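# Chains, contacts and geometry: an overview
Next come the chains, spelled out residue by residue.
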Amino acid sequence: MDAMTAWDDAAGLPVLDVGQVVALERRIAAEGTSLYELMRRAGAAVAEAACAETAAAEAARAKAAAGPGNAAPGEAAAMQPATAPAEAAPEPSSVVVLAGSGNNGGDGWVAASLLAGRGANVTLVTKAPAGQVRAEPARTAAIDACSGPGTPRFTIAVDPDAAQLDALLSRADVVVDAVLGTGFAHREVREPYATWIDAANRARRTTGVRVVAVDVPSGLNAQTGESADSCVQADVTVTMLAAKPGLLTAGGKAQTGRLFLAPLGCDA
Ligand SMILES: NC(=O)C1=CN([C@@H]2O[C@H](COP(=O)(O)OP(=O)(O)OC[C@H]3O[C@@H](n4cnc5c(N)ncnc54)[C@H](O)[C@@H]3O)[C@@H](O)[C@H]2O)[C@H](O)CC1
Ligand SMILES: [K+]
């Protein structure tokens, strides 16, 4: 099965309610593929998508530097119809991973480790160190990303203030949004995540950094498609196992950017 497929409304790709995805995960785990292994696969798909966004990030930066109305070389490539990110995959030079404390954040820890292993300059932003992540398998994934000789090969920024976060984002080519996933269904995003989301959106507008959302843009209700008071504007969203209904509403589509399905080697 492909690592990732560009979403096509007409192609009969799977759509599952959030509750059905949770039940599917449990069934997959009961059949022998652990949630930790699913998280490893999810993180790998996100790392591929982040690599593929590099060319687009460079083109957007060149355009911003050239001023309004000036197309930059490579920009046309960024505007092409969606192709599977795995097909392109150059190396990203500078990536900021925003990792929340749930399992969406766990996908981010895995992606950070893999991107650093591929030579990217990665900073992972977290509210608390790996050992204090509560959700499983996110905690195990975070600890593993920091374990073993020479690890982590990325920088960990614990609870940076707004100015530190803006400075990190201003130097990034790609932001991986692993703040909130299907576990979020509220109208308000609490701090520090609201600040992180607003900072990522601001950086996208001002520096042209590309935003790759993990499973769902943070702040979007994956079931209903409603946006919370803070909600990530993504260039690409890599959704796991099946699309969720909220991603396919008009409001959801406005936040996701190009949508890719990562089946994680499983049939939905
Ligand atoms: N579908 C799959 O096959 C896989 C999915 N994975 C990823 O796991 C997330 C879902 O993880 P979960 O732990 O259930 O929830 P989240 O990480 O989305 O969110 C929980 C997180 O949110 C915090 N929170 C709750 N309310 C608020 C609020 N109002 N403001 C701020 N923060 C809030 C809460 O504290 C928790 O920390 C799914 O999307 C995938 O990305 C796995 O990879 C396994 C495979
Ligand atoms: K997310």
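Every residue gets a number counted from 1 within its own chain, in the order that chain's sequence is written. In the order they appear in the text, chains get letters beginning with A and ligands get numbers beginning with 1. Residue-level local features of this predicted model are given only where pLDDT is at least 70; pairs of side-chain atoms are given and counted only at 80 or more, and the full residue set underlies all totals for whole chains, interfaces and linings. To get the side-chain values, take all heavy atoms of the structure and skip hydrogens and water.

The residue after Glu136, namely Pro137, is reached through a cis peptide bond having omega 10°. The way it works is that DSSP assigns letters per residue, a run of H or I at least four long becomes a helix, a run of E at least two long becomes a strand, and they are numbered from the N terminus. Here Pro137 shows up in the loop between strand S3 (121-126) and helix H6 (138-145). The amide bond that connects Glu191 to the next residue, Pro192, takes the cis arrangement and shows omega of 5°. One can find Pro192 in the loop between strand S5 (174-178) and helix H8 (193-207). Even without being a glycine, Asp159 presents a positive backbone phi close to 50°. Secondary-structure assignment places Asp159 in the loop between strand S4 (155-158) and helix H7 (162-170). The cut-offs for exposure are 20% and 50% of the maximum accessible area for each residue type, with area from a 1.4 Å probe on protein chains only; residues under the lower value are buried, those over the upper are exposed, and the others partly exposed. When its relative accessible area of 45% is taken as the criterion, Asp159 is described as partly exposed. Even without being a glycine, Leu241 presents a positive backbone phi close to 75°.

What follows concerns the coordination of the potassium ion (ligand 2). Donor atoms: N, O and S within 2.8 Å of the metal, or within 3.2 Å for Na, K and Ca. Because water is excluded, sites can look incomplete. For the potassium ion (ligand 2), the full set of protein donor atoms is Asn104 (OD1), Asp177 (O), Leu180 (O), Val214 (O), Val216 (O) and Ser218 (OG), and the range of their distances to it is 2.7 to 3.0 Å. Written as a sequence motif, the donor residues of the potassium ion (ligand 2) are N-x72-D-x2-L-x33-V-x1-V-x1-S. Of this pair, Asn104 sits in helix H5 (residues 103-117) while Val214 is found in strand S6 (residues 210-214), placing the two residues 110 residues apart along the sequence. Taken as a pair, Asn104 and Val214 share a single burial class, namely buried.

Time to look at the sheet that holds strand S2 (residues 94-99). Note on pairing: two strands pair once DSSP finds at least 2 bridges between them. Read from one edge of the open sheet, eight strands run S1-S8-S7-S6-S5-S2-S3-S4, paired in mixed fashion. The strands lining the two open edges of the sheet, one partner per strand, are strand S1 (5-6) and S4. For S1 and strand S8 (residues 258-262), the ladder comprises two bridges, and the chain directions are antiparallel. Bridged to Ala6 within S8 is Phe260. The strands touched by H5 within the sheet are S2, S3, S4, S5, S6 and strand S7 (236-240), with S3 carrying the most contacts at an inclination of about 160°. Pairs of residues are marked as contacts when any of their non-hydrogen atoms sit within 4.5 Å. Only C-alpha atoms enter the line fits that serve as axes; for helices the fit covers just the stretch in contact. Angles between N-to-C directions range over 0 to 180 degrees.

Moving on: the site of ligand 1. The cutoff for a nearby residue is simple: one of its non-hydrogen atoms must lie within 4 Å of the molecule or strand. Neighbouring ligand 1 are 22 residues, the closest being Glu25, Asp107, Gly181, Asp215 and Leu241. Within the backbone of Gly102, a nitrogen or oxygen atom sits 3.4 Å from an oxygen atom of ligand 1. N or O atoms within 3.5 Å of each other form a polar contact, as long as, within protein, one can give a hydrogen and the other can take it, and as long as residues adjacent in sequence are counted only when both atoms are side-chain atoms. One of the backbone nitrogen or oxygen atoms of Arg190 is found 2.8 Å away from a nitrogen atom of ligand 1. Each accessible area value is a Shrake-Rupley result obtained with a 1.4 Å probe; residue values ignore everything except the protein chains displayed when judging cover. Summarising the interface, the protein chains cover 84% of the accessible area of ligand 1, which totals 880 Å² for the free molecule. Counting only elements with at least two residues in the shell around ligand 1, the list comes to helix H1 (18-30), helix H2 (35-52) and H5. Asp, Glu, Lys and Arg are counted as charged, while Ala, Val, Leu, Ile, Met, Phe, Trp, Tyr, Cys and Pro are counted as nonpolar; the rest, among them Gly, fall into the polar class. When the residues that make up the shell around ligand 1 are grouped by side-chain class, the tally is nine nonpolar, eight polar and five charged.

Right, let's get into H2. One turn of the α-helix equals 3.6 residues, which is why residues spaced by three or four share an orientation. Here the expected span of a helix is defined as 1.5 Å times the quantity of residues minus one. The terminal C-alpha atoms of H2, which comprises 18 residues, lie 26 Å apart, in line with the 26 Å expected from a rise of 1.5 Å per residue. Among the residues of H2, those classed as buried are Leu38, Met39, Ala42, Gly43, Ala45, Val46, Ala47, Ala49, Ala50, Cys51 and Ala52.

Here the focus is the confidence of the model for the chain. Summary of the metric used: pLDDT quantifies the predictor's per-residue confidence within the range 0 to 100. Summary statistics for the chain give a mean pLDDT of 90 and a share of 88% for residues scoring 70 or more. Note on the complex model: pTM 0.90, ipTM 0.97.

Okay, the pairing of S7 next. With respect to burial, S7 is a largely interior element, five of its five residues being buried. In S7, alternate side chains face the same way, and those of Val236, Val238 and Met240 on one face and Thr237 and Thr239 on the other are all buried. Note that S6 and S7 share three bridges and pair parallel. The residue of S7 that forms the bridge with Ala213 is Thr237.

What follows concerns the nonpolar core. Nine residue types can take part in a nonpolar core, namely buried Ala, Val, Leu, Ile, Met, Phe, Trp, Tyr and Cys, and a core is a set of them joined through side-chain atoms within 4.5 Å. Of all hydrophobic cores here, the largest spans 47 residues; its most connected members are Trp109, Val122 and Val238. Here this core takes nine residues from H2, the largest share from any one element. Residue contacts for Val122: discarding those within four places in its chain leaves Val95, Val97, Ala112, Leu115, Ala116, Phe154 and Thr155. Residues Val125, Ala172, Val175 and Ala199 belong to the second largest nonpolar core, which totals 26 residues.

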